[in-house]
Amino acid sequence: LKYLEGSLRTIKSKLPSADTQLADNFHSLGGVHSSLGNIDKSVFCYDKAVQIYTEIYGKQNGNVASSLAGKGETLRSDEQYQEALSCFSECLDIRKTVDGPTPAEESGNVMSQMGEIYSQLGDSTNASLSFASALTAYRLIFGTKHQTVADVLQKMSAHFVKVGEFERGYSCVKETLSLQQELLGEDDTRTADSHYCMGTILYEWNNYAEASKCFEKARDIHKEKHGETHLSVANSNFFLGCISERKGDYDSAVQCLQDSLSGRRAHLDEMDHAIADNLARLGHVYYKQSEWDSAVTAFSDCLKIQEATRGTDTGSQVNVADALFDLGTALVKALDTQRSMQLFTDALKEYQRHLDNPKDVKIAKCHSSIGEIYEKTNELSKAVNALEMASVIYENHVGTDPPEKEIRASKKIDAYSGQAETLFRLATAKDRLGEEVIALKQYRKAMRLYKSLFGRDNLHVAKILNRLANMKGRAGSVDKAMVLFDESLRIRMLHLGNNHEDVAETLFGMGIVFEKRRDYGAAMKAYSDCLRIRSSKFGSDSMEVAQVVVNIGVVRGNKGDFSGALKSWNKALSIYRKHGLGDDDALVATVLGHQRLANQLKKRGRNKN
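Residues numbered from 1 in each chain as written. Predicted model: local features only at pLDDT ≥ 70, side-chain atom pairs only at ≥ 80, totals over all residues. Heavy atoms only, no water.

## Quick notes on the pattern of salt bridges
Our working definition: We define a salt bridge as a contact between a side-chain nitrogen of Lys or Arg and a carboxyl oxygen of Asp or Glu at a distance within 4 Å. When a residue's accessible area, from a 1.4 Å probe over protein chains only, is under 20% of the maximum for its type it is buried; when over 50% it is exposed; and in between it is partly exposed.
A full pass over the atoms with the stated rule returns 36 salt bridges. The partner of arginine 168 in a salt bridge is glutamate 165, with the nearest N and O atoms 2.8 Å apart. Taking relative accessible area as the criterion, glutamate 165 reaches 25% and is therefore assigned partly exposed. Residues joined by salt bridges that share partners form a network here, namely Glu372, Glu421, Arg425 and Lys463.

## Some thoughts on the packing of aromatic side chains
How we decide: Any two rings among Phe, Tyr and Trp, with Trp reduced to its six-membered ring, count as a pair given centres within 6.5 Å; such a pair is stacked if its planes are under 30 degrees apart, edge-to-face if over 60, and tilted if neither. Strands are runs of DSSP state E lasting at least 2 residues, helices are runs of H or I lasting at least 4, and numbering of each runs from the N terminus. Sitting over a ring, as applied to charges here, requires NZ of Lys or CZ of Arg to be within 6 Å of the ring centre and within 35 degrees of the ring normal.
By the definition in use, this model includes 14 aromatic pairs. Each ring, one from phenylalanine 238 and one from phenylalanine 239, has its centre 5.5 Å from the other, and the planes form 80°; the classification is edge-to-face. On the basis of relative accessibility, which here comes to 11%, the residue phenylalanine 238 falls in the buried class. Ring plane angle 50° and centroid distance 5.3 Å describe the contact between phenylalanine 325 and phenylalanine 344, whose orientation is recorded as tilted. Of the two residues, phenylalanine 325 is situated in helix α16 (residues 314–333) and phenylalanine 344 in helix α17 (residues 337–354); the sequence distance between them amounts to 19 residues. Relative accessible area serves as the criterion here: at 1%, phenylalanine 344 is assigned to the buried category. Within the aromatic cluster, the residues linked to one another by ring pairs are Tyr196, Tyr203, Tyr208, Phe215, Phe238 and Phe239. Above the face of the phenylalanine 238 ring, arginine 264 is positioned so that its terminal group lies 4.6 Å from the ring centre.

## Side note on the nonpolar core
Cut-off, in case you're wondering: Among buried residues, the Ala, Val, Leu, Ile, Met, Phe, Trp, Tyr and Cys ones that are joined through side-chain atoms within 4.5 Å form a nonpolar core. Contact between two residues is taken to exist if any of their heavy atoms lie within 4.5 Å; hydrogens are not considered.
Among the nonpolar cores identified, the biggest contains 111 residues, and Tyr203, Tyr351 and Ile464 are the most heavily contacted of them. At 10 residues, α16 tops the list of elements feeding residues into this core. The residues touching tyrosine 351, leaving out its near neighbours within four places in the chain, are Val318, Ala321, Asp322, Phe325, Lys362, Ile363 and Cys366. Membership of the second largest hydrophobic core comes to 46 residues, among which are Leu8, Leu22, Tyr81 and Cys172.

## Overview of helix α13 (residues 250–267)
What counts is decided by this rule: By this rule the span expected of a helix is its residue count minus one, scaled by 1.5 Å.
Taking 1.5 Å per residue as the helical rise, α13 with its 18 residues ought to reach 26 Å, and the 26 Å between its terminal C-alpha atoms agrees with that figure. Ala253, Val254, Cys256, Leu257, Ser260, Leu261, Gly263 and Arg264 are the residues of α13 that are buried. On its buried face, α13 sits against α12 (231–247) and α14 (273–288).

Here it is in structure tokens:
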């Protein structure tokens, strides 16, 4: 900069105002100021260069075109996109006259930059046309195997991925990757970028095995070149975490997503949307691990970013609604139903206000979750209404009774799984209302969807089997109930191990069936295993433990061990008292009734003796 400014002073003092050397100097100064971020000075210098070149050569001159291209690049770097496009268009018009049928490299550079601008502005058609024109120009100038050709193909790939044209993106990135490997080798960061782009496409196509290989290659190359905390490493780790989540490897998912979050926070603003995406994904993994507090924290932090960066565009508004919904799902599990209901209601309003389709799946999800809360708070009629509204919307997307092959081949996984969950919740509400025939039908429809989507050994299937077993047990079909419980227990232990709360739920149900069979030894074993898990998970003074202790007392009473039964019920009453339940509470009243009966039977036994 100092050299060029000194040169400019010398030239001004010795040469006329319309001299080529003076214009060349202004042109060079424009480039240096642009590199230093001095936008206004850069634009001024390029304008002076254009003015002088025009005075000497006229408007249709290559030097004029070059200065216009430089000015356009400066304006683009300052996100003055429309002004930059105007400069680039003027440059290309001149180049067409000057260069004739054989384009100059500068024309390719300009068209490539125009493609990036149009992509940034959301003008997919003009972006595609600009990139294609740049590619044609480069191939005419350099041939098909040149790094410049690979670079523009990479930009095209990224654009097509951005707009969801994955087939076109795949075609471009496949050619790009081949060129990068041949020209640069496997260990170059540009090759890594091609692996990353290929991975994003394969991820969208649910080809997680191949996508994972691409992201691992990209991560390893960038890690070797830039270190573990580089942003490109973080971005690859994000997708690897998402893939691990899809595969059910939640520990690996958490590790990758936490590494990704650390890397992104080191390089990006704390309010960046990439960080919000990271937090949302972490929240979903914590949710699947039943780590409700961690899920609430992650979703809360995500919501703060989405609300702080909310714009007027639809996408921004929907992002806020998504964050509201996610936080609501975690709070339901954390038993904060009042706050979760408010969040679901707010999310529903946002979706209805900003989504074009009133039957969007996101709206159905809100209705379904609101219905679940109504069911939990015993407002069963409201629950059924909300859940039926959700089911109607889902049917609009997936049909009423889709064939299994269609379900497996479909990419509407969210819609099918959402309908399955809604049918499960609807069946639960109907069951509680005493409409058992309808409940059975809905449970079976939900199970069919889950089996088609995720296979027979899926945890959702186990959940439904558990409910069906409870229904069969209540109806007196204890043998059928036990078969269903056995299958539910097998699936849950397969995925969750021996110490999960869902395993405890199945053991509790099995204990009840064993009681009805009067197999008190097996019942005691099932209840004891359930008690061990619940004590570990919820604490020895939790309501979940009290529920099991009451039933253990019943088993002891049925076996004639009234002292043991009374001891169990005293323990249950102690827990109820700690939770503030009085004698008028139904749970307390039931235990007090058990105690009275046990004392009477105990006294009668002594008198008989």
